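# Descriptive structure summary
For reference, the chains in residue letters:
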Amino acid sequence: MVRRALVLLLLFPLGALARGEAPAQPPRPAQVAPAPDPVAEAARRAAAVAANEAGVALADKGDLEGALSKLTEALAKAPEDATIRGNAAKVHAAIGKKHFEARKFPEASREFHTASEIVPDELEYPHLEALALAQGGADRDAIPIFERVLEKKSDRVPTLVALGASLYRLGRNKDAIARWERALALTAAEKELEEALAKARK
């Protein structure tokens, strides 16, 4: 038994056993990813381009669902392609606008959100997402999205106006007035906005 204990101590030092750790293992050499097969790469790109073109053709015909199916396929094959990403986002946004016009605001906000995830730099998509939420009565959810848009572009007048409207509906008149005054300072006088400001100041 003593000999076995000594063997265990040699295999597992006391410090390691006390911490419940196995002995340190020597570092493994870094795995080098194999170079992509140029033939397979060319085939992947060709399939992505073909699916993208088919999606664009369907969108031009007004078949947004069919277009989205093809563009989703293209995006899966070439997620790095900016043109494909842009087209997919535009179709999601077009579907979102149709839902918005039909007053299906939750569905609209989801489509705009997806478009925003695909092309994060396009501020119109989160703006529309927040607008759909606000129109559906979810002003509290819309406000932080409007504010994130304004963090990236503080002089975006439509977002300032829409944010002011959400704040006003929640009874935050002072905050609403600040956004609307900022919007008026950036654009030509608008009667509807001036009337909203006058009402909020009362």
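Residues numbered from 1 in each chain as written. Predicted model: local features only at pLDDT ≥ 70, side-chain atom pairs only at ≥ 80, totals over all residues. Heavy atoms only, no water.

## A closer look at the overall build of the protein
- Along its length, the protein carries 11 helices and 0 strands.
- What you see in the protein, going N to C, is helices and strands ordered as α-α-α-α-α-α-α-α-α-α-α.
- By sequence separation, contacts in the protein at least 24 residues apart represent 42% of the contacts at least 6 residues apart.
- With the model as given, the accessible surface of the protein reaches about 13,000 Å², and the carbon-plus-sulfur share is 57%. (Helix = DSSP H or I, 4+ residues; strand = E, 2+ residues; numbered from the N terminus. Contact = heavy atoms within 4.5 Å. Areas by Shrake-Rupley, 256 points an atom, 1.4 Å probe, with all protein chains shown as cover.)

## Section: the nonpolar core
- Counting 22 residues, the largest nonpolar core has Ile84, Val91 and Phe112 as its most contacted members.
- Leave out the neighbours within four places in its chain, and Phe112 touches Ala93, Gly96, Lys97, Tyr125, Leu128, Glu129 and Ala132.
- Residues Ile143, Leu163, Ala183 and Leu197 belong to the second largest nonpolar core, which totals 20 residues. (Core = buried A, V, L, I, M, F, W, Y, C linked by side-chain atoms within 4.5 Å. Buried < 20%, exposed > 50% of the residue type's maximum accessible area, 1.4 Å probe, protein only.)

## A word on the packing of aromatic side chains
- Enumeration according to the criterion identifies 2 aromatic pairs in this entry.
- Ring geometry for Phe100 and Phe105: centres 5.2 Å apart, planes at 75°, overall edge-to-face.
- By relative accessible area, Phe105 is classed as buried at 6%. (Phe/Tyr/Trp six-rings, centres within 6.5 Å; stacked < 30°, edge-to-face > 60°.)

## Notes on helix H11 (residues 191-201)
- Every buried residue of H11 is listed here: Leu193, Leu197 and Ala200. Projected onto a plane normal to the axis of H11, the buried residues spread over an arc of 65° and lie on a single side. For H11, the exposed residues set more than 90 degrees away from the buried face come down to Lys191, Glu192 and Lys199.
- Tucked into the core, H11 has its buried residues touching helix H9 (157-169) and helix H10 (173-186). (Arc of directions from axis to C-beta.)

## Observations concerning the environment of Asp63
- Summarising the element assignment, Asp63 is placed in the loop between helix H3 (38-60) and helix H4 (64-77).
- Judged by relative accessible area, which is 36%, Asp63 ranks as partly exposed.
- Taking C-alpha positions, Asp63 is 9.9 Å from Val91, a pair spaced 28 residues apart along the chain.

## With respect to the confidence of the model for the protein
- Of all residues in the protein, 83% have pLDDT values of 70 or greater, and the mean over the chain is 87.
- Below pLDDT 50 for its whole length, residues 1-23 participates in 5 contacts with residues either more than four positions away or in separate chains. (pLDDT = per-residue confidence, 0-100.)

## Section: a negative patch on the surface
- The grouping of Glu190, Glu192, Glu194 and Glu195 at the surface amounts to a negative patch.
- By secondary structure assignment, the location of Glu194 is in helix H11. (Patch = residues over 30% accessible without salt bridge, like charges linked within 9 Å, V, L, I, M, F, W, Y side chains within 5 Å. Salt bridge = Lys/Arg side-chain N within 4 Å of Asp/Glu carboxyl O. Lys, Arg positive; Asp, Glu negative; His and termini not counted. Charge placed at Lys NZ, Arg CZ, Asp CG, Glu CD.)

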